[in-house]
Amino acid sequence: PRDGRLRAALWALAAIGIAVYFALIEHHIFRRTPHIEPSAKTLRIVHWNMGPGSSVDVPNCIAAVRRLDGDITFITDPGGVQQNTLIKDWLGPDVSVPSLGTLAIFTRLPIISFRPLLASDEMLAVVVQIDTTATLGRPMTVYMVDMPSDLRKPRMEMAKRFRAMLDGAKPPLPDLVVGDFNLTRGSASLKTMFPLLRHAYDQAGHGYAASFHGEFPLWHIDQLLLGPNLRALDYQVVNTHYGRHWAQVAIIAPFTPMN
């Protein structure tokens, strides 16, 4: 009957609309990998949640980090990897690996400062200043964030509490914020925490963009946000084949009105 055909047509249109949104808005399936001039002053930023210490395959995880090849690699849940001699063999014996709780950094760039920002109700954040003068023209201030995964905790309430604590601490404004937020990209909770920052994926992301969990992730809960002085030239989510999270890889550069 006519009503049945109309319902079928409406369902078909809805399915097409969802598919278009999924491919073009949520995941940028058809956006091409951008061309970046070799002479461009850029930094390759990596973030990866390796997973709980009990599940970390140390040699293979370190090998995966080296393949990701970040100028700066931010790690959530390093599982003791930061203390392994293989890290010293890679970075060099004189390079320190700053870490606090579930957060660590692998980089040969000088770390100017690394200090706690907030720790409460399983929320953890540190503020890091890195000497990126050679590339960005000045040091870069980074917030590393690790938010609770317990789904029983109301996300918006948690985000508001984080923002209130951040406002009370009055830290230096960030150039970059990175970590496992356990909040989806574009969510109201994420915008509540950092309303003025832009997501690297919105600027330059391409391909399928979900970071959790396993070989077939459905949710983009690991985030990389940029302040007004930086821009993303490239952003993608990469399967390391270890742990439950995929890694974020971004190419960033200074932002000026001329660019």
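Structure first, text after, so check above.
Cut-offs and rules
Residues numbered from 1 in each chain as written. Predicted model: local features only at pLDDT ≥ 70, side-chain atom pairs only at ≥ 80, totals over all residues. Heavy atoms only, no water. Patch = residues over 30% accessible without salt bridge, like charges linked within 9 Å, V, L, I, M, F, W, Y side chains within 5 Å. Areas by Shrake-Rupley, 256 points an atom, 1.4 Å probe, with all protein chains shown as cover. Salt bridge = Lys/Arg side-chain N within 4 Å of Asp/Glu carboxyl O. Helix = DSSP H or I, 4+ residues; strand = E, 2+ residues; numbered from the N terminus. Phe/Tyr/Trp six-rings, centres within 6.5 Å; stacked < 30°, edge-to-face > 60°. Buried < 20%, exposed > 50% of the residue type's maximum accessible area, 1.4 Å probe, protein only. Lys NZ or Arg CZ within 6 Å of the ring centre and 35° of its normal. Arc of directions from axis to C-beta. Contact = heavy atoms within 4.5 Å. Expected span 1.5 Å × (residues − 1). 1 Å grid on protein atoms, 1.4 Å probe; cavity = no way out; pocket = protein on both sides within 12 Å on 5 of 7 lines; lining within 4 Å. Points joined across faces, edges and corners; volume = space filled by probe spheres on them. Nonpolar A, V, L, I, M, F, W, Y, C, P; charged D, E, K, R; others polar. Pairing = 2+ DSSP bridges. Axes fitted to C-alpha atoms, helices over the stretch in contact; angles between N-to-C directions. Core = buried A, V, L, I, M, F, W, Y, C linked by side-chain atoms within 4.5 Å.

Asks: Give a description of a nonpolar patch on the surface that names residues and reports values.
Replies: On the surface, a cluster of nonpolar side chains totalling about 420 Å² of accessible area is made up of Leu6, Leu10, Leu13 and Ile16. As for its placement among the helices and strands, Leu6 is situated in helix α1 (residues 2–26).

Asks: So, the packing of aromatic side chains: which residues are in play, and what are the values?
Replies: Counted by the stated rule, this structure contains five aromatic pairs. An angle of 85° between the planes, with centres 6.0 Å apart, marks the rings of Trp90 and Phe106 as edge-to-face. Here the residue Trp90 occupies a position in helix α3 (residues 85–91), and Phe106 occupies one in strand β4 (residues 103–107), the gap between them amounting to 16 residues. For Trp90, a relative accessible area of 12% gives the class buried. In textbook terms, an aromatic cluster arises when at least three aromatic residues are bridged by ring pairs, as seen for Tyr143, Phe162, Phe181 and Phe194. Across the ring face of Phe255, the terminal group of Arg198 is positioned such that the distance to the ring centre comes to 6.0 Å.

Asks: Talk me through helix α2 (residues 58–68); I want residue IDs and the actual numbers.
Replies: Buried within α2 we find Cys61, Ile62, Ala64, Val65 and Leu68. Buried residues of α2 fall within an arc of 155° about the axis and therefore sit on the same side. Looking at the buried positions of α2, the neighbouring elements they touch are β1 (43–49), β2 (72–76), α3, β4, β11 (230–238) and β12 (247–254). Positive backbone phi, approximately 60°, marks Asp69, located one or two places after α2.

Asks: Explain helix α5 (residues 155–169) residue by residue, including any values.
Replies: Residues that lie three or four places apart on an α-helix share one face, since the helix turns once every 3.6 residues. When the terminal C-alpha atoms of α5 are compared, their 21 Å separation across 15 residues agrees well with the 21 Å that a helix rising 1.5 Å per residue should span. Residues Arg155, Met158, Ala159, Phe162 and Leu166 constitute the buried set of α5. Projected down its long axis, α5 shows its buried positions confined to an angular sector of 100°, all on one face. In α5, those exposed residues whose orientation departs by more than 90 degrees from the buried face are Lys160 and Gly168. Against β5 (111–120), β6 (123–130), β7 (140–146) and α6 (188–193) lie the buried residues of α5.

Asks: Before we move on, can you summarise the layout of surface pockets with the specific residues and values?
Replies: In this structure, the largest pocket spans a volume of roughly 440 Å³. Forming the walls of the largest pocket are 23 residues, and the residues nearest its centre are Ser149, Asp180, Asn182, Phe212 and Ile221. Of the residues contributing to the lining of the largest pocket, the split by class is nine nonpolar, seven polar and seven charged. Of the pockets and cavities examined, the second largest pocket occupies roughly 290 Å³. Taken together, 15 residues make up the lining of the second largest pocket; nearest its centre are Arg163, Leu173, Pro174, Leu196 and Leu197. Residue classes in the lining of the second largest pocket are distributed as 10 nonpolar, one polar and four charged.

Asks: Which residues make up the sheet that holds β12, and what values go with them?
Replies: One open sheet holds the six strands; their spatial order is β3-β4-β2-β1-β12-β11, and the pairing between them is mixed. Strand pairing shows two members of the sheet lacking a second neighbour, β3 (99–100) and β11, which therefore form its edges. Its contacts with the sheet place α2 against β1, β2, β4, β11 and β12, and it is angled at close to 155° to β1.

Asks: Describe the environment of Ser96, and please don't skip the residues or the numbers.
Replies: Among the structural elements, Ser96 can be located in the loop between α3 and β3. Judged by relative accessible area, Ser96 falls into the exposed class, the value being 52%. Sequence spacing of Ser96 and Ile111 is 15 residues, and the spatial spacing of their C-alpha atoms is 8.8 Å.

Asks: Describe the side chain of His199, and please don't skip the residues or the numbers.
Replies: Residue position: His199 is located in strand β9 (residues 198–199). Leaving out residues up to four positions away in the same chain, His199 has contacts with Arg185, His220, Gln223, Leu224, Leu225 and Tyr235.

Asks: A description of the nonpolar core should follow, citing residues and the corresponding values.
Replies: Counting 29 residues, the largest nonpolar core has Phe74, Met140 and Leu176 as its most contacted members. Aside from chain neighbours lying at most four places away, what touches Met140 is Ile45, Ile72, Val128, Gln129, Ile130, Thr132, Asp175, Leu176, Leu230 and Ile252.

Asks: I'd love a proper account of the pattern of salt bridges, names of residues and values included.
Replies: One side chain can pair with another of opposite charge once the charged atoms of both are near each other. Under the counting rule described, the total for this entry stands at seven salt bridges. Lys153 is the partner of Asp121 in a salt bridge, and the nearest nitrogen-oxygen pair spans 3.2 Å. Here Lys153 lies in the loop between β7 and α5 and Asp121 lies in the loop between β5 and β6, a separation of 32 residues in the sequence. Asp121 gets classed as partly exposed once you look at its relative accessible area, which sits at 34%. Among the residues examined, Lys153 registers a relative accessible area of 18% and is labelled buried. Notably, a salt bridge pairs Asp167 with Arg163, separated by 2.8 Å at the nearest N-O pair. Taken together, the positions of Asp167 and Arg163, both in helix α5 and four residues apart, correspond to about one turn of that helix. By relative accessible area, Arg163 is classed as partly exposed at 22%.

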